Amino acid sequence: MPLSILLPMVVIGVAGIAVLLHVMGLSQPRRFADADEARAAWDREFPEIPANAATLCHDGSAALIATDEGPGVVWPMGADSTARRIDHARIERTTDGLILRLPDFTAPRIRLRLDGDETTEWLDRLEQSA
Amino acid sequence: MSDQITYPDVVNFAVPFFIAAILIELTWIVLKRRGGRYETRDALTSLIMGAGNVASGIALGFIAWGFFLVLWELTPLDLGTSAWVVLLCFVLDDLRYYWVHRFGHRIRWVWASHVNHHSSQHYNLTTALRQTWTGTFTFMMVVRAPLILLGFHPAMVLFCGGLNLIYQFWIHTEAIGKTPRWFEAVMNTPSHHRVHHGRNARYLDANYAGVFIVWDKLFGTFVPEQEHEKPDYGLVHNLGTFNPLRVAFHEWLSIFRDVTRPGLSLRDRLGYAFAPPGWSHDGSRGMTPEIKACHLARHPEDRDTPGFE
Ligand SMILES: [Zn+2]
Ligand SMILES: [Zn+2]
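All values reported here derive from a predicted model rather than from experimental measurement.

Thoughts on the interface of chain A and chain B
Alright, step 1. Between chain A and chain B, the residue contacts involve 31 residues of the former and 39 residues of the latter.
Alright, step 2. Here chain A meets chain B over a buried area of about 3,100 Å², counting both sides, of which 65% is carbon and sulfur.
Alright, step 3. Contact with chain B buries area across many residues of chain A, yet Met 1, Ile 17 and Phe 105 of chain A alone supply 21% of it, more than any other trio.
Alright, step 4. In this assembly, chain A and chain B are joined by three salt bridges.
Alright, step 5. One salt bridge in this structure joins Glu 45 of chain A and Arg 199 of chain B, with 3.4 Å as the shortest N-O distance.

Laid out in structure tokens, this is it:
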């Protein structure tokens, strides 16, 4: 097939589907309803490291997980979620929360939207272990 | 004469059909409120991976093609182009697909390329298009060598491979439950391939089939979808990024980091490149048998059920 047909077809197809999904409201990120849901999300990624406690942030967009092997975070990946242990992270305080930079090519940057008190508490707990 | 035969580049011609089918599946899901899920960034990443796969085929396809032409020069055999030969080629190429796909899950070097097909936590028709950009570097084209040496023309072999990929498109859906019994028995179906995309301990390293599920039954890798255990799609360790470049290259980088660690023996370095995914020199990571054993320790009731036999 000539590129002059294939290329526009692919570009228009990909962009069209993406715009359509967005307009249909399918870009809403996952929110954890409660701490149990956040724990379940952690357990799904790290069944071998049990969560001792989960602290959900105010809007349910992330949770800080306490384990025997140090802290971890669960956060939304689109409509789903993922999780990482937080060690060797560079932590930066921003006006609306924290940015964690991990030496992990598959999760280089985690942006956490937290209110003021949460930011202080999470930063404290993450830095204690660092 | 048969050196000049050409077959259409079927995968490219299927693009409009892919787009139409995605729109139909999406409409079905929205109207029926069941049968799957779509999310914008996930779907966009899958589609970009698909487009990049076509681009890498255009840019690097000449390497495999050149290799096949050399083999074609070498072989004294020529089976011709009759319909029966094409059919036989399709079946044997599907056997080739089974083994390449099995290597893709059991050899980290090949997994580095194939992992991205499994990196979505969704399972819809866009997931089918989430294809590798780095397939050429796995050198899995050597698995096709016997076919060409047997006298199947390289263009025919690629044509059959293209049809194989197109067949696999429609099975990436949750909108279809089970097909008729006879079809499930012989063919790869949405149900069988959902199992293949499951990260559940039960479903790891199962159902490698392309078109015919009989290969998995023959070689002992078949696990039927269980009514009581829905596949949880994605990777054992799910990605924390939608960036297509990271999706495409992360496992290659991870191999590089492991292989170049200080203080390892040559054997360890080779292990990090070619042993099954999850292998580590100190046993600190888990491969499929360990993941299954961990699961059974927590869920002994699953012992001797499908996927844990
Ligand atoms: Zn696979
Ligand atoms: Zn698939």
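Here's the deal with the packing of aromatic side chains
All names here are of chain B.
Alright, step 1. The full count for this structure, using the stated rule, is 19 aromatic pairs over all chains.
Alright, step 2. A centroid spacing of 5.9 Å and a plane angle of 75° characterise the contact between Tyr 98 and Tyr 208, whose relative ring orientation is edge-to-face. A residue pair is termed long-range when its members are at least 10 positions apart, and Tyr 98 in helix α4 (residues 83-106) and Tyr 208 in the loop between α10 (190-197) and α11 (214-219) qualify at 110 residues.
Alright, step 3. Judged by relative accessible area, Tyr 208 falls into the buried class, the value being 1%.
Alright, step 4. Measuring from ring centre to ring centre gives 5.7 Å for Trp 109 and Phe 274, while their planes differ by 40°; the resulting arrangement is tilted. You can see Trp 109 sitting in helix α5 (residues 108-114) and its partner Phe 274 sitting in helix α13 (residues 266-274), a full 165 residues away along the chain.
Alright, step 5. Taken together, the ring pairs connect Tyr 98, Trp 99, Phe 103, Tyr 208 and Phe 219 into an aromatic cluster.
Alright, step 6. One residue, Lys 217, lies across the ring of Phe 222, its end atom 5.0 Å from the ring centre.
Alright, step 7. Here the basic side chain of Lys 292 rests over the ring of Phe 308, its NZ or CZ set 5.6 Å away from the ring centre.

Focus: the sheet that holds strand β5 (residues 90-94) of chain A
All names here are of chain A.
Alright, step 1. Spatially, the three strands line up as an open sheet ordered β5-β6-β7, and their pairing is antiparallel. Whereas interior strands pair on both sides, the edge strands pair on one side only; in this sheet they are β5 and β7 (109-113). When strand polarity is set aside, the average angle formed by the axes of neighbouring strands in this sheet is 15°.
Alright, step 2. Pairing geometry for β5 and strand β6 (residues 97-101), over five bridges, is antiparallel. Note on β6: the bridge partner recorded for Arg 93 is Leu 98.
Alright, step 3. In this fold helix α3 (residues 116-129) packs onto β5, β6 and β7, with an angle of close to 165° to the strand it touches most, β5.

Notes on the domain arrangement of chain A
Alright, step 1. According to the domain assignment, chain A contains domain 1 (1-28) and domain 2 (35-128).
Alright, step 2. Using C-alpha coordinates to define each centre, domain 1 of chain A is positioned 33 Å away from domain 2 of chain A.

Section: the coordination of the zinc ion (ligand 2)
All names here are of chain B.
Alright, step 1. Only His 117 (NE2), His 172 (NE2), His 193 (NE2) and His 197 (NE2) from the protein reach the zinc ion (ligand 2) as donors, at distances of 2.0 to 2.1 Å.
Alright, step 2. Because the angles between the four donor atoms bound to the zinc ion (ligand 2) fall within 93 to 157°, the donor set is best described as irregular.
Alright, step 3. Mapped onto the polypeptide sequence, the residues donating to the zinc ion (ligand 2) form the spacing pattern H-x54-H-x20-H-x3-H.

Things to note about unusual backbone geometry
Residues and elements named next belong to chain B.
Alright, step 1. Despite not being glycine, Asn 207 shows a phi value in the positive range, around 55°.
Alright, step 2. Note that Asn 207 resides in the loop between α10 and α11.
Alright, step 3. In this structure, Asp 304 is a non-glycine residue whose phi angle is positive, near 65°.
Alright, step 4. Note on placement: Asp 304 falls in the segment after α14 (288-298).

Points about a nonpolar patch on the surface
Alright, step 1. There is a patch of nonpolar side chains on the surface, built from Leu 3, Leu 7 and Val 11 of chain A together with Ile 58 of chain B and spanning about 390 Å² of accessible area.
Alright, step 2. The biggest single contributor to the nonpolar patch is helix α1 (residues 3-23) of chain A, with three residues.
Alright, step 3. Position of Leu 7 of chain A relative to the elements: it lies in helix α1.
Alright, step 4. On the basis of relative accessibility, which here comes to 53%, the residue Leu 7 of chain A falls in the exposed class.

Digging into the coordination of the zinc ion (ligand 1)
All names here are of chain B.
Alright, step 1. Taken together, the protein donors to the zinc ion (ligand 1) comprise His 101 (NE2), His 105 (NE2), His 114 (NE2), His 118 (NE2) and His 196 (NE2), at separations of 2.0 to 2.2 Å.
Alright, step 2. Along the chain, the residues donating to the zinc ion (ligand 1) fall in the pattern H-x3-H-x8-H-x3-H-x77-H.
Alright, step 3. In this model, the zinc ion (ligand 1) sits 5.8 Å from the zinc ion (ligand 2). Here the residue His 101 and the residue His 105 both occupy positions in helix α4, the gap between them amounting to four residues, near one helical turn.
Alright, step 4. On the accessibility criterion, His 101 (4% relative accessible area) is buried.
Alright, step 5. Here His 105 falls in the buried class, since its relative accessible area comes to 9%.

The rules behind each value
- Residues numbered from 1 in each chain as written.
- Chains lettered and ligands numbered in written order.
- Predicted model: local features only at pLDDT ≥ 70, side-chain atom pairs only at ≥ 80, totals over all residues.
- Heavy atoms only, no water.
- Contact = heavy atoms within 4.5 Å.
- Buried area = accessible area lost by both parts, 1.4 Å probe.
- Salt bridge = Lys/Arg side-chain N within 4 Å of Asp/Glu carboxyl O.
- Phe/Tyr/Trp six-rings, centres within 6.5 Å; stacked < 30°, edge-to-face > 60°.
- Helix = DSSP H or I, 4+ residues; strand = E, 2+ residues; numbered from the N terminus.
- Buried < 20%, exposed > 50% of the residue type's maximum accessible area, 1.4 Å probe, protein only.
- Lys NZ or Arg CZ within 6 Å of the ring centre and 35° of its normal.
- Pairing = 2+ DSSP bridges.
- Axes fitted to C-alpha atoms, helices over the stretch in contact; angles between N-to-C directions.
- Domains from an automatic or database assignment.
- Donors = N, O, S within 2.8 Å, 3.2 Å for Na, K, Ca; no water.
- Tetrahedral: all angles 85-135°; square planar, octahedral: opposite > 155°, others 65-115°.
- Patch = residues over 30% accessible without salt bridge, like charges linked within 9 Å, V, L, I, M, F, W, Y side chains within 5 Å.
- Areas by Shrake-Rupley, 256 points an atom, 1.4 Å probe, with all protein chains shown as cover.

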